[in-house]
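Structural description and commentary
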Amino acid sequence: MWFKKKVKAKPEEKLKLPDGLWVKCETCGEILYRKELEKNLWICPKCNFHFRINHHNYISLLLDDTKLKEKDKDLEPLDPLDFPEYKKKQKTAQEKTGMKEGAVYGLASIGEIPVVFAAMDFAFMGGSMGSVIGEKIARAIRTAREKKLPLIILSASGGARMQEGILSLMQMAKTSAELALLAQEKIPYISILTHPTTAGVMASYASLGDIIITEPGALLGFTGARVAQQTIGAKFPPGLQRSENLLAHGMIDLVVSRKELRSTLIRILSILWKHGKAPTK
Amino acid sequence: MNGIWLDFERPIGELEKKIEELKGLKGVDEEITRLESQAKRLKKKIYSNLSRWQRVQLARHPRRPYPLDIIPLITEDFIELHGDRRFGDDWAVVSGIAKFDKFNVAIVAQQKGRDTKEKIKRNFGMPHPEGYRKALRIMKMAAKFAMPIINMVDTPGAYPGVEAEERGQAEAIATNLFECAVLPVPIVVLIVGEGGSGGALAIAVGDRILMLENSIYSVISPEGCASILWRNSSKNKEAAEALKITASDLIKLDIIDEIVPEPTGGAHLDPEQTAKNIKDALIKHLDELTKIPIDKLIPLRISKFQNMGVYKE
């Protein structure tokens, strides 16, 4: 069974998760034994809070043989606006994550169904979308269209990257245009939203899935609560932007535990996508 | 003149006031002529070296012409059409059909409101999801009847409120981006005043993107950027510089196609001339676009956006 597979974390990833023997759940405050939490896929056993995990973890969790044949790994950000501190921030993020930019994409299979898979990583500058992420997501979509493979994008993002100004905003239009072409070919796109997915990413490809799946308790929305408070004095009630409330308002299809994410993807793809499926042995 | 002077315009205001005072008196003609040429030189000096923040101030000028001031000056028989057929009618978005030169067009615009009452009614130009859905409904109707679309952008941003979140602000914007990418009619976009982030982009995917000379278009407001970057929203001048949000910045970045000139000192000083410049530019682009077959137009539109972005391969 897939969940008995060892979910191996590479050494550099472990650093990003809370250190120490014990971890406090940021939602219910429960003190949890780190090893137990890891075994439970970083889900709080008491309140079901899904701790943030990185893109390596999701690759291990979701893809056959825990493998992604990554493409365009070397796309690197530049500093087109000569924005204060931007180069330094890129460097810090690169050292912290071991990534050139905050998204990966490539070919993979899920339950023996070949797919194009892309994942963002919140650890890289808050998953903010600049030119490189926009381009990688656009290429993922194009690859799915050209190879006629279902597309899965896992999002985690605070929105467009301020430091690339208008160029970041245009990545929303670029990725959405690619999705319009994909839709014309009638190729399914499943969008997975993880905690948090907001602003420019939520207002483009993340919201455009044929099917939209989220993890429980994920923060999802257009405007951050702090910005709403500052600009119009609006106070967001607790839970307004959580997965469960978006489900209640008809904005997403499914709230799925991390433990069932892979099996859910397989079930959906085997129904939606017949002709691309590898022959069963 | 306009009676409202921005901080950087104050020296001009003082000179003009002095000239007005002298005009009633006798034997001061020479002095008036001298002051007038001084005022002219001063205007040239100030307005030809506007900083980015000064452009922001002009883009937000309380007397700046709004789409509903411009539309009657450039079209005949504009019929405003209302509602998204799903939830309501958003007054921050104005949409309709009109005769424009030799074209029958659909127009979608954002409208801020002039006095306090109208500002509230129009929610300061910040649309809710139903505004974006109304816009899309009208644009799809335009496509059905093969009418070109003119979109006019003037918004601080999409409304960041509770109801907007619940009714799917993000989905409404995303869907417009998705649909407009392949809409089978020419779309010309004009940034009139403020192009505020995703809330602007939702009606700004098109074949040509034009900006009025003193308009701005940005991923985040200078105030928002300053409060994130320096934890200090009063550093808006520095943020405006860093974000590069003026028409001349955006043409250098290959984001927009043309800058539509404004009268010296800003569009509000001569709305008729501004409207004429807008009309000329729109006709020029519509003439070009309507000659391109639709099966070529859409790939051109898509590749325009595909090419946006700067990175190292």
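By convention here, each chain's residues receive numbers from 1 onward along its written sequence. Chains carry letters and ligands carry numbers; both start at the beginning, A for chains and 1 for ligands, and go up in the order they are written. Predicted model: local features are reported for residues with pLDDT of at least 70 only, side-chain atom pairs are reported and counted for 80 or more only, and whole-chain, interface and lining totals are derived from all residues. The side-chain quantities take in all heavy atoms of the structure and omit both hydrogens and water.

Turning next to the nonpolar core. Buried residues of nine kinds, namely Ala, Val, Leu, Ile, Met, Phe, Trp, Tyr and Cys, make up a nonpolar core once their side-chain atoms join them within 4.5 Å. For the exposure calls, accessible area comes from a 1.4 Å probe over protein chains only, and a residue counts as buried if that area is under 20% of its type's maximum, exposed if over 50%, partly exposed in between. Counting 140 residues, the largest nonpolar core has Leu62(A), Phe117(A), Leu151(A), Tyr205(A) and Tyr217(B) as its most contacted members. Per-element accounting of this core gives the leading share, 11 residues, to helix H6 (residues 165–184) of chain A. Note on contacts: a residue pair qualifies if any of its non-hydrogen atoms lie within 4.5 Å across the two residues. When neighbours within four sequence positions are excluded, Leu151(A) is seen to be in contact with Val116(A), Ala140(A), Ile141(A), Ala144(A), Leu179(A), Leu182(A), Pro188(A), Tyr189(A) and Ile190(A). Listed in part, the 25 residues of the second largest apolar core include Ile70(B), Phe103(B), Val192(B) and Val260(B). Put simply, DSSP H or I for four residues or longer makes a helix, DSSP E for two residues or longer makes a strand, and each gets a number counted from the N terminus.

So, about the environment of Ile251(B). Residue and element names in this part refer to chain B. Of note, Ile251 is situated in helix H12 (residues 247–252). In this structure Ile251 comes out as partly exposed when scored by relative accessible area, which is 30%. Expressed as a C-alpha distance, the spacing of Ile251 and Ile228, which sit 23 residues apart in the sequence, is 26 Å. Ignoring any residue separated from it by four or fewer positions in sequence, one finds Ile251 in contact with Ile256, Asp257, Glu258 and Ile259.

Under the 1.5 Å per step criterion, the end-to-end length of helix H14 (residues 294–306) of chain B is 18 Å for 13 residues, consistent within 8% with the ideal 18 Å. Next to the buried residues of H14(B) lie helix H5 (131–147) and H6 of chain A together with helix H8 (169–180), strand S5 (187–196), strand S6 (208–212) and helix H13 (271–290) of chain B. Between the first and last residue of a helix there are one fewer steps than residues, each counted as 1.5 Å, and that sum is the expected span.

On to empty space enclosed by the protein, then. All names here are of chain A. Of the grid points, spaced at 1 Å and generated over the protein atoms alone, those admitting a 1.4 Å probe that cannot get out make up cavities, while open sets with protein on both sides within 12 Å along at least five of seven lines make up pockets; any residue with an atom within 4 Å of a point is treated as lining. Grid points are joined across faces, edges and corners, and a volume is the space filled by probe spheres set on the points. On inspection of all chains with the given rule, the structure shows one cavity of 30 Å³ or more. In terms of lining, the largest cavity is formed by 15 residues, of which the most central are Arg52, Ile53, Tyr58, Ala156 and Thr194. At the level of secondary structure, the elements contributing two or more residues to the lining of the largest cavity comprise helix H3 (55–62), strand S7 (151–157) and strand S8 (189–198). The class makeup of the residues in the lining of the largest cavity is seven nonpolar, four polar and four charged. Classification convention: Asp, Glu, Lys, Arg as charged; Ala, Val, Leu, Ile, Met, Phe, Trp, Tyr, Cys, Pro as nonpolar; all other residues, Gly among them, as polar.

Put simply, two rings from Phe, Tyr or Trp (the six-membered ring, in Trp's case) pair if the centres are within 6.5 Å, and we call them stacked under 30 degrees between planes, edge-to-face over 60, tilted for the rest. Throughout the structure, instances matching the rule amount to three aromatic pairs over all chains. Their ring planes at 50° and their centres at 5.1 Å tell us that Trp22(A) and Tyr33(A) sit as a pair that is tilted. Residue Trp22(A) is found in strand S1 (residues 22–24), and its partner Tyr33(A) is found in strand S2 (residues 31–33); the two are separated by 11 residues along the sequence. You can call Trp22(A) exposed: its relative accessible area is 52%. Taken together, the ring pairs connect Trp42(A), Phe49(A) and Phe51(A) into an aromatic cluster. One Lys or Arg, Arg114(B), reaches over the ring of Tyr66(B) and ends 3.9 Å from the middle of that ring. Here, over-ring charges are defined by two tests on the NZ atom of lysine or the CZ atom of arginine: distance to the ring centre within 6 Å, and angle to the ring normal within 35 degrees.

Tallying the contact residues gives 49 residues for chain B and 58 residues for chain A. In short, buried area is how much 1.4 Å probe accessible area vanishes from two parts on joining, totalled over both. Carbon and sulfur atoms make up 74% of the area that chain B and chain A hide from each other, which totals about 4,500 Å². The largest share of the area that chain B buries against chain A comes from Glu165(B), Phe178(B) and Tyr311(B), three residues that together contribute 14% of it. Any Lys or Arg side-chain nitrogen located within 4 Å of an Asp or Glu carboxyl oxygen qualifies as a salt bridge. One can count two salt bridges joining chain B with chain A. Salt-bridge contacts for Glu313(B) lead to Arg139(A); the nearest nitrogen and oxygen are separated by 2.9 Å.

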